[in-house]
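# Structural description and commentary
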Amino acid sequence: MTINKFIRKLLKLKGLCVTGFKFANRNTVLNLWVKPHKNGCLCPSCGRRGRIVRTMMPRMWRDLPVCGCCVLFWYCPREIQCPTHGRIQEDIPWAESYARITYRFEYAMLIYCQLMTQKAAAKILHIAGSTLSDLLHRSITRIRDGHRIRGLKSVGIDEISYCKGHKYATIVYDLDRSCVVWVGQGKGRETIDIFFNEVLSDYQKSKIKWGCCDMSETYIGAIEDHCLNATLVLDRFHVVKALNKAVDEVRKEQWRNACADERKALKGLRWLLFKHSSNRSKKDSRILNALRKGNRRIHRAWVLSDEFERFWDYKVEWAAKRFLKRWMTTALKSRIEPIRKFVRTIKKHIGRILPFIGSRLTNAIGEGLNRIIKIVKNRASGFRTLHPFTDMIFLTVGDVDIPAQIPAKFRAL
Ligand SMILES: [Zn+2]
């Protein structure tokens, strides 16, 4: 076995022959002269062999480092004359045309960036952090280039902050396939209008059946204006959150007005009041029932919020509607202002809350994805600009499986 063949076997190089090697920089860089298998000269579009027109300047590709030693490929690509495609650069089997890195390196970079911070990935791959983020951006842009959103039926909209100082991004989810389809800068109506006007076609908009969002007027308005065939479902968890907030306001108000002795009885209530009835222990129930004598207002608010839970269990819409109307009447009579405010909100959105009974659609998938996105954000300690953040979102929870787009034989680590 010749030494060149040995190197090729050792480094598991595919689709190429090694013609020479040289160590440099105190043995920290291994330069490999390579050439495509069987002398190349193949057309990248049709795969036919073409006549060599000229040989270009030597080019360099970065491959995976081996035992702390950077590996660089060197080769002079040739321009060929294809009978069908004319003058064209020959096919480079180990890398995307005009890329600075090999497929293997690209695949490793994408997988590492999914798992760890870009800083850590850069360290493993022996390149500078800024170079990595640049390469990552190019790679993701190339792979996602020309990608169209397909089969969007249930859409969820949410916002996330990506930097200190109130910088927000709007994220659009495909709730059926649980992935992110779009990220836009800002959180207002203008941002979401860009998505509906520029990204989706009229046909795609007409195909959207369900929309799910929180209670902000911006998103409700946007979905109702653009998706004429869609039924809007307000997210269940946001409704519950609003009710819990109302109950908490009652608790705070009572706490402020209480004297030291009474405060003792109100201690530790904060989380207890929000507990779902299925998670409550006997002790919890005893404390809450004792409130009946201790503090009637908190008790009343809690009982109301506890009763409201039953709404979500209804199976038919008319029964749920009847229940909700009765509940609202009772709640209005309670004379507790935060609760009455909640009732007014419910009344306004009743047409958007009731479809939940039939559809069982929640933004839970969206919130779950949001949690993953937050982990990505925190891992990187925030992002100064939106671009790297968008890259990471598409890489981890995007609608395209990005590492899977690298040719299969180079997908090994
Ligand atoms: Zn061709």
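Described in the following lines is the structure provided in the data block. (Residues numbered from 1 in each chain as written. Predicted model: local features only at pLDDT ≥ 70, side-chain atom pairs only at ≥ 80, totals over all residues. Heavy atoms only, no water.)

### Brief notes about a nonpolar patch on the surface
- A cluster of nonpolar side chains, namely Met-1, Ile-3, Phe-6, Leu-10, Phe-21 and Phe-23, defines an oily patch on the protein surface of about 660 Å² accessible area.
- Counting residues per element, the ones that place at least two in the nonpolar patch are α1 (3-10) and β1 (16-24).
- The leading source of residues in the nonpolar patch is α1, at three residues. (Patch = residues over 30% accessible without salt bridge, like charges linked within 9 Å, V, L, I, M, F, W, Y side chains within 5 Å. Areas by Shrake-Rupley, 256 points an atom, 1.4 Å probe, with all protein chains shown as cover. Salt bridge = Lys/Arg side-chain N within 4 Å of Asp/Glu carboxyl O. Helix = DSSP H or I, 4+ residues; strand = E, 2+ residues; numbered from the N terminus.)

### Some details on the side chain of Gln-118
- Looking at the secondary structure, you find Gln-118 in helix α3 (residues 118-124).
- Judged by its relative accessible area of 17%, Gln-118 is buried. (Buried < 20%, exposed > 50% of the residue type's maximum accessible area, 1.4 Å probe, protein only.)

### Notes on the sheet that holds strand β7 (residues 86-89)
- What the three strands build is an open sheet, ordered β3-β6-β7; its pairing is antiparallel. Two strands close off the open sheet at either side, each with one partner strand: β3 (51-55) and β7. This sheet shows a mean twist of 30 degrees between the axes of neighbouring strands, independent of strand direction.
- Relative to β7, strand β6 (residues 78-82) is paired through four bridges, and the arrangement is antiparallel. What sits directly across from Cys-82, in β7, is Gly-86. (Pairing = 2+ DSSP bridges. Axes fitted to C-alpha atoms, helices over the stretch in contact; angles between N-to-C directions.)

### Observations regarding helix α4 (residues 129-144)
- Its 16 residues place the ends of α4 22 Å apart at the C-alpha level, agreeing with the 22 Å of an ideal helix rising 1.5 Å per residue.
- Those residues of α4 lying buried are Leu-132, Leu-135, Leu-136, Ser-139, Ile-140, Ile-143 and Arg-144. Down the axis of α4, the smallest arc covering the buried residues is 150 degrees, so these residues share one side.
- Residues of α4 that are buried sit in contact with α2 (103-115), α3, β10 (179-185) and α18 (386-397).
- Just downstream of α4 lies Gly-146, where phi reads positive at about 80 degrees. (Expected span 1.5 Å × (residues − 1). Arc of directions from axis to C-beta. Contact = heavy atoms within 4.5 Å.)

### Concerning the coordination of the zinc ion
- The protein atoms that coordinate the zinc ion are Cys-43 (SG), Cys-46 (SG), Cys-82 (SG) and His-85 (ND1), at distances of 2.0 to 2.4 Å.
- Bound by four donor atoms, the zinc ion shows angles of 100 to 118 degrees at the metal and therefore tetrahedral coordination geometry.
- Positions of the donor residues of the zinc ion, expressed as sequence spacing, correspond to C-x2-C-x35-C-x2-H. Of the two residues, Cys-43 is situated in the loop between β2 (29-36) and β3 and Cys-82 in strand β6; the sequence distance between them amounts to 39 residues.
- For Cys-82, a relative accessible area of 2% corresponds to the buried category. (Donors = N, O, S within 2.8 Å, 3.2 Å for Na, K, Ca; no water. Tetrahedral: all angles 85-135°; square planar, octahedral: opposite > 155°, others 65-115°.)

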